[in-house]
Amino acid sequence: MRLATWNVNSIRTRVTRTVEFAVREDIDVLAMQEIKCKPEQFPYAPFEEAGYHVEVHGLNQWNGVAIASRLPITDIDTAFTGMPGFAKGHEGPDAPLEARALGATIEGVKVWSLYVPNGRSLDDPHYQYKLHWLEALRQHTASELQKNPDLPLALVGDFNIIPLDADNGDPDIVEGVSTHVSPEERAAFFAFQDAGLTDVVRPLLPEGFTYWDYQRLKFPRNEGVRIDFVLGSPALAGAVTGASIHRDERKGVQPSDHVPVVVDLDFGSTDDDDDMPMIFA
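Conventions and cut-offs
- Just so you know, the residues in each chain are numbered from 1, in the order the chain's sequence is written.
- Side-chain atom pairs in this predicted model are given and counted only at pLDDT of 80 or more, local residue features only at pLDDT of at least 70, and totals for whole chains, interfaces and linings cover all residues.
- Side-chain numbers come from the whole structure's heavy atoms, not from hydrogens or water.
- Salt bridge, as applied in this entry: a Lys or Arg side-chain nitrogen positioned within 4 Å of an Asp or Glu carboxyl oxygen.
- Each helix is a run of DSSP H or I of at least 4 residues and each strand a run of E of at least 2, with the numbering of both proceeding from the N terminus.
- What is called the bend at a residue is the angle between a pair of axes, fitted to the seven residues leading up to and ending at it and to the seven starting from it.
- Exposure categories follow from relative accessible area, calculated using a 1.4 Å probe and restricted to protein chains: below 20% of the type maximum is buried, above 50% is exposed, and the middle band is partly exposed.
- It only takes one pair of heavy atoms within 4.5 Å for two residues to be counted as in contact.
- Multiplying one less than the number of residues by 1.5 Å gives the expected span of a helix.
- Polar contact is defined as a pair of N or O atoms within 3.5 Å, subject to the rule that within protein one atom must be able to donate a hydrogen and the other to accept it, and that residues adjacent in sequence are counted only when both atoms are side-chain atoms.
- Strands are labelled as partners when DSSP assigns at least two bridges between them.
- The aromatic pairing rule takes the rings of Phe, Tyr and Trp, using the six-membered ring of Trp, and pairs them if the centres are within 6.5 Å, calling planes under 30 degrees apart stacked, those over 60 edge-to-face and the rest tilted.

A. Local environment of the pattern of salt bridges. The tally for this structure, following the rule as stated, stands at 20 salt bridges. As a salt-bridge pair, E185 and K130 come within 2.6 Å of each other at their nearest N and O atoms. Here K130 lies in helix α3 (residues 125–147) and E185 lies in helix α4 (residues 183–194), a separation of 55 residues in the sequence. Via salt bridges that share partners, R2, R17, R24, E25, E249 and D264 belong to a single interconnected network.

The following block contains the structure:
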C-alpha cells in the first residue's frame, strides 16, 4: 500500500493537480486536509474517474478532511473519543466539533486524516484548544493500541507543530513568541511516543520541509517548516519500506502551501501464515 498525506488548502481550487499527483505517484490511499468544503461541494468526479472512492468530512468553508482510496473503505469515524470542540466565545464541553478528523479502515489499516488546530497565538483560546485536542487524540490512540496492540494504525496529516529546531527554517517563527514551537506543543507531539507511535518518515528522511508560507518569498528562500507527519503504530512502522516528501508540488500554478508526504507499506506474508487475515496476503 502506498499511503500519502497532503494539506491541499482547498480541494476545489487544486483538484486537478491533486488527482494528477495521486495517479502519477501510484497512490493507493490519499489523506487530505483543509479541503475547505462540505461533502456536497467536493469534486468527486475527477477522483472517481481515476479509480478512487472518497470519504469526506467537512462542515463549512473552513477546515475539512477527506480520504481517497483505490481500496475498499470501511469503519468511517468523524471524531475520536473525547475530541473537544471549539467556537469563538463558546468554550466548554458542549462546544461544537470542527471537521478536523476522519478515520477509516483500509485493507486492515486504520488511517486517520488529521488537521490539528493551529493555535493562532500563545495567548489565544485556540492554543489551549489545540493542546486539549492533541491530548484527547493521544488518549484515544493509547486506548486503541492497548486493546489491539497489533493494529496497523496511521495518524497522518497537518500537525501544526514543528517538533525539532532543525524542522524550522522560517526566521519569523520564534520560540517564546510563536505557536508551533512552544515547549507545550512539542511535548504534546512527542507524547504520542508514549501512546506507542513513531514518526515513520524521519528515520528515512531526517531532513526536509513540508510547508512554506506564501508570503515574502519563503519558498524560493527555502524558509519552510516540517509540520506534516505520518505517525505509525509498531505494526505499521514495521511495514514501512520507503518514504518521500514531494517538494516539487510546492512549485507551479496555484500550489498548496504544503506538499505531500508519502510512505510505502508492505505487510508481507509467508507460506506458514495460514491463519493470517486475507488483508495481509
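From this point, the discussion proceeds with the structure in view.
B. Focus on helix α1 (residues 11–24). Of all the bends in α1, the largest measures some 35 degrees and sits at R17. All buried positions along α1 are accounted for by I11, R14, V15, R17, T18, V19, F21 and A22. Where α1 is buried, its residues meet β1 (2–7), β2 (29–33), α2 (44–49) and β12 (261–265). Phi turns positive one or two residues past the end of α1, at D26, with a value near 55 degrees.

C. Geometry of α3. In this model α3 runs 33 Å from its N-terminal to its C-terminal C-alpha over 23 residues, within 8% of the 33 Å that 1.5 Å per residue would give. In this structure D124 caps α3, since a side-chain oxygen of it lies 2.7 Å from the backbone nitrogen of H126.

D. A look at the environment of D123. Note that D123 resides in the loop between β7 (109–115) and α3. Along the primary structure D123 and V177 are separated by 54 residues, whereas in three dimensions their C-alpha atoms are 9.9 Å apart. One polar contact links D123 to S121, side chain to side chain, over a distance of 2.7 Å.

E. A look at the pairing of β1. Burial of β1 is extensive: 5 of the 6 residues sit out of reach of the surface. Where β1 and β12 come together, 4 bridges link them in antiparallel fashion. Bridging across to β12, L3 finds its partner in V263. Where β1 lies against β2, 5 bridges are found, and the strand directions are parallel. Opposite T5, over in β2, you have A31 as the bridge partner.

F. Inspection of the sheet that holds strand β8 (residues 153–158) at higher detail. Spatially, the 6 strands line up as an open sheet ordered β5-β6-β7-β8-β10-β9, and their pairing is mixed. Each end of this open sheet is capped by a strand with a single partner; those strands are β5 (73–77) and β9 (198–199).

G. Summary view of the environment of G268. Turning to its location among the elements, G268 is positioned in the segment after β12. Separated by 29 residues in sequence, G268 and A239 have C-alpha atoms that sit 8.0 Å apart.

H. Structural detail: the packing of aromatic side chains. Summed over all chains, the structure comprises 13 aromatic pairs. Ring geometry for F86 and Y129: centres 4.8 Å apart, planes at 20 degrees, overall stacked. Of this pair, F86 sits in the loop between β5 and β6 (101–106) while Y129 sits in helix α3, and the two are 43 residues apart along the sequence. For F86, a relative accessible area of 12% puts it in the buried group. On the accessibility criterion, Y129 (4% relative accessible area) is buried. With a centroid separation of 5.0 Å and 85 degrees between ring planes, the pair formed by W212 and F219 is classed as edge-to-face. Side by side, W212 and F219 carry an identical accessibility label, which is buried. Here the aromatic cluster, defined as three or more aromatic residues joined through ring pairs, consists of F159, F189, F190, F192 and F229.

All quantities given are derived from atomic positions and should not be read as evidence of function.
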